[in-house]
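Breakdown of the fold
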Amino acid sequence: VDCQLGATQAMIEAEARVLRCDGEQAWVELRPHTPCGHCDPQRGCRSLSLARAFHTGQSAFAVANPLSAQAGDWVVVAARADSVRHSALLLYGAPLAALLAGALLGAPLGEGWSMALSGLGLAASLLALAWHARRAAGLDAHRPVITRLLSQPSSTARNVSSCQHARSPGDWSA
């Protein structure tokens with residue numbers, strides 16, 4: 001994944017393979033990141049280990065397909081950097097703030113109230129985030145988009161074999 005300055009704003013880019021197309025959107029699978037050189041020789045890449053620990057099983061993502069990429073094509077997918085920062089702030093900051101606010105509001109009433117209100121605040125923030133995600137899903141400004149077609153994945157992105165927990169390079173061939 002790398003960052004590039006778009007025509008008017010910073011974009012975060014990643015290589016991906018198109019799995020299928022559905023109208024003006026494509027379903028892509030992102031390519032794993034390249035080794036960073038900081039891998040632990042005994043346990044492998046900690047970033048990949050952490051990512052796999054929280055992996056939800058969903059590896060395909062819908063993106064806008066203005067270049068008419070076809071299934072099997074290698075592409076570059078870009079997302080606005082400010083959208084990524086905004087999403088991260090909402091996903092991490094809102095639940096944490098609601099949890100702490102509930103705990104602080106319940107503290108004068110006792111430990112039980114503090115725990116109950118912090119849980120209620122957390123639950124309310126998660127419901128609000130789910131509502132916001134559904135509302136924002138249709139906004140093109142926040143949607144990742146295919147920006148380039150590639151003849152093949154870059155050689156640096158293909159070289160993931162030095163990470164012990166990464167997929168073998170053959171798993172990513174078209």
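What counts, and at which threshold
- Residues numbered from 1 in each chain as written.
- Predicted model: local features only at pLDDT ≥ 70, side-chain atom pairs only at ≥ 80, totals over all residues.
- Heavy atoms only, no water.
- Helix = DSSP H or I, 4+ residues; strand = E, 2+ residues; numbered from the N terminus.
- Buried < 20%, exposed > 50% of the residue type's maximum accessible area, 1.4 Å probe, protein only.
- Contact = heavy atoms within 4.5 Å.
- Areas by Shrake-Rupley, 256 points an atom, 1.4 Å probe, with all protein chains shown as cover.
- Pairing = 2+ DSSP bridges.
- pLDDT = per-residue confidence, 0-100.
- Salt bridge = Lys/Arg side-chain N within 4 Å of Asp/Glu carboxyl O.
- Patch = residues over 30% accessible without salt bridge, like charges linked within 9 Å, V, L, I, M, F, W, Y side chains within 5 Å.
- Axes fitted to C-alpha atoms, helices over the stretch in contact; angles between N-to-C directions.
- Parallel < 35°, antiparallel > 145°, perpendicular 65-115°, else oblique.
- Left-handed = near helix turned anticlockwise from the far one by under 90°.
- Nonpolar A, V, L, I, M, F, W, Y, C, P; charged D, E, K, R; others polar.

Re the overall build of the chain
Check the secondary structure of the chain and you find 4 helices and 6 strands. Sequence-ordered secondary structure for the chain, helices as α and strands as β, is β-β-β-α-β-β-α-α-β-α. Counting the 174 residues in the chain, one finds 27% classified as buried. Long-range pairs, those at least 24 residues apart, make up 75% of the contacts in the chain between residues at least 6 apart in sequence. On the chain, roughly 11,200 Å² of surface is accessible, and the fraction owed to carbon and sulfur atoms is 62%.

A short note on unusual backbone geometry
With a phi close to 55°, Ser 68 is a non-glycine residue in the positive phi region. Counting through the fold element by element, Ser 68 comes out in the loop between strand S4 (60-64) and strand S5 (74-80). Classification of Ser 68 as exposed rests on a relative accessible area of 51%.

What about the pairing of strand S3 (residues 25-30)?
Taken together, the 6 bridges between strand S2 (residues 10-22) and S3 define a ladder with antiparallel strand orientation. Within S3, the position partnered with Asp 22 by the bridge is Gln 25. When S3 meets S4, the two strands line up antiparallel, connected through 5 bridges. Across the sheet, the residue bridging to Ala 26 is Val 63, located in S4.

Points about the confidence of the model for the chain
Model confidence for the chain is summarised by a mean pLDDT of 76, while 66% of its residues fall at 70 or above. By mean pLDDT, strand S1 (residues 2-5) is the weakest element of the chain at 42, and helix H3 (residues 111-136) is the strongest at 92. Across residues 1-7 the pLDDT falls below 50, and counting only partners more than four positions away or on other chains, this stretch makes 15 contacts in the model. Residue range residues 157-174 is modelled with pLDDT below 50. Its contacts to residues more than four positions away, or to other chains, number 45 contacts.

Considering the side chain of Ser 114
With respect to the secondary-structure elements, Ser 114 resides in helix H3. For Ser 114, a relative accessible area of 14% puts it in the buried group. Once you skip the residues sitting within four places of it in the chain, Ser 114 turns out to touch Gly 102, Ala 103, Gly 106 and Ala 107.

Regarding the pattern of salt bridges
According to the stated counting rule, one finds 3 salt bridges in the structure shown. When the shortest N-O distance is used, the salt bridge between Arg 17 and Glu 29 registers 3.3 Å. Note that Arg 17 is positioned in strand S2 and Glu 29 in strand S3, a separation of 12 residues in sequence. Considered together, Arg 17 and Glu 29 belong to a single accessibility category, that of buried residues. As a salt-bridge pair, Arg 80 and Asp 82 come within 2.6 Å of each other at their nearest N and O atoms. Its relative accessible area of 32% is what places Asp 82 among the partly exposed residues.

What about a nonpolar patch on the surface?
A cluster of nonpolar residues, Leu 96, Leu 99 and Leu 100, forms a patch on the protein surface that exposes about 260 Å² of accessible area. You can see Leu 96 is positioned in helix H2 (residues 81-106). The class of Leu 96 is partly exposed, set by a relative accessible area of 48%.

Observations concerning the packing of H2 against H3
Remark: H2 packs on H3, axes separated minimally by 6 Å, with the N-to-C direction vectors making an angle of 155°. With respect to H3, the element H2 is oriented roughly antiparallel. Considering only the axes of H2 and H3, their crossing is right-handed. Between H2, through His 86, Leu 90, Leu 91, Ala 94, Pro 95, Ala 98, Leu 99, Gly 102, Ala 103, Leu 105 and Gly 106, and H3, the contact on the second element is made entirely by Trp 113, Ser 114, Leu 117, Ser 118, Gly 121, Leu 122, Ser 125, Leu 126, Leu 129 and His 132. Residue composition of the contact of H2 with H3, grouped by class: 13 nonpolar, 8 polar and no charged.

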